[in-house]
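Examination of the molecular architecture
Residues per chain, in single letters:
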Amino acid sequence: MTVALVLAAGLAVACVVAVALPFLREPEPESDVLDELDPEERKRLELLEARDRALAALKELEFDHRTGTVSDEDYRAQVGVLRREAAAALRELGGRG
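Residues numbered from 1 in each chain as written. Predicted model: local features only at pLDDT ≥ 70, side-chain atom pairs only at ≥ 80, totals over all residues. Heavy atoms only, no water.

**A closer look at helix 1 (residues 2–24)**
Taking 1.5 Å per residue as the helical rise, helix 1 with its 23 residues ought to reach 33 Å, and the 32 Å between its terminal C-alpha atoms agrees with that figure. Along its length, helix 1 reaches its greatest deviation from straightness, about 25°, at Ala18, and the proline Pro22 lies no more than four positions downstream. Counted residue by residue, helix 1 has zero buried out of 23 residues, so it is predominantly exposed. (Helix = DSSP H or I, 4+ residues; strand = E, 2+ residues; numbered from the N terminus. Expected span 1.5 Å × (residues − 1). Bend = angle between axes of the 7 residues up to and from the residue. Buried < 20%, exposed > 50% of the residue type's maximum accessible area, 1.4 Å probe, protein only.)

**So, the nonpolar core**
Nonpolar side chains tend toward joint burial in soluble globular proteins. With six residues, the main nonpolar core is built from Leu58, Leu61, Val70, Tyr75, Val79 and Leu82. For this core, the secondary-structure elements that each account for two or more residues are helix 2 (39–66) and helix 3 (72–96). Residue contributions to this core peak at three residues, all from helix 3. (Core = buried A, V, L, I, M, F, W, Y, C linked by side-chain atoms within 4.5 Å.)

**Focus on the pattern of salt bridges**
In the structure shown here, the tally under the stated rule is four salt bridges. Close ionic contact of Arg42 with Glu36 constitutes a salt bridge, the shortest N to O distance being 2.6 Å. Take Arg42: its relative accessible area is 36%, and that puts it in the partly exposed class. (Salt bridge = Lys/Arg side-chain N within 4 Å of Asp/Glu carboxyl O.)

**Things to note about the side chain of Asp64**
Mapped onto the secondary structure, Asp64 falls in helix 2. Buried and unpaired, Asp64 has Arg66 as its nearest opposite-charge partner, separated by 10 Å. Not counting the four nearest positions on each side in its chain, Asp64 is found in contact with Thr69 and Val70. (Lys, Arg positive; Asp, Glu negative; His and termini not counted. Contact = heavy atoms within 4.5 Å.)

In structure tokens, the structure reads:
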């Protein structure tokens with residue numbers, strides 16, 4: 001009986017290792033060379049990052065204003081600038097699509 005349990009446990013461990021092995025190996029990269037972005041794609045990436053930064057800052061400002069961390073006066077001073085930044089990035093991205 002104990003021999004059967006030992007064999008079953010050994011078989012279970014072997015199955016787990018066989019299934020997990022592909023996930024534990026480091027995949028071989030096709031190439032270590034990074035592709036250089038062309039100027040157009042680089043500009044698009046910069047616009048996407050500018051849009052994301054402005055929208056994240058707007059979201060944080062809205063949250064801070066709602067929770068009372070930012071006063072109404074400070075909110076009004078900052079919200080317009082952030083909205084214009086986000087809109088400018090979106091306009092330029094829309095013109096590129």
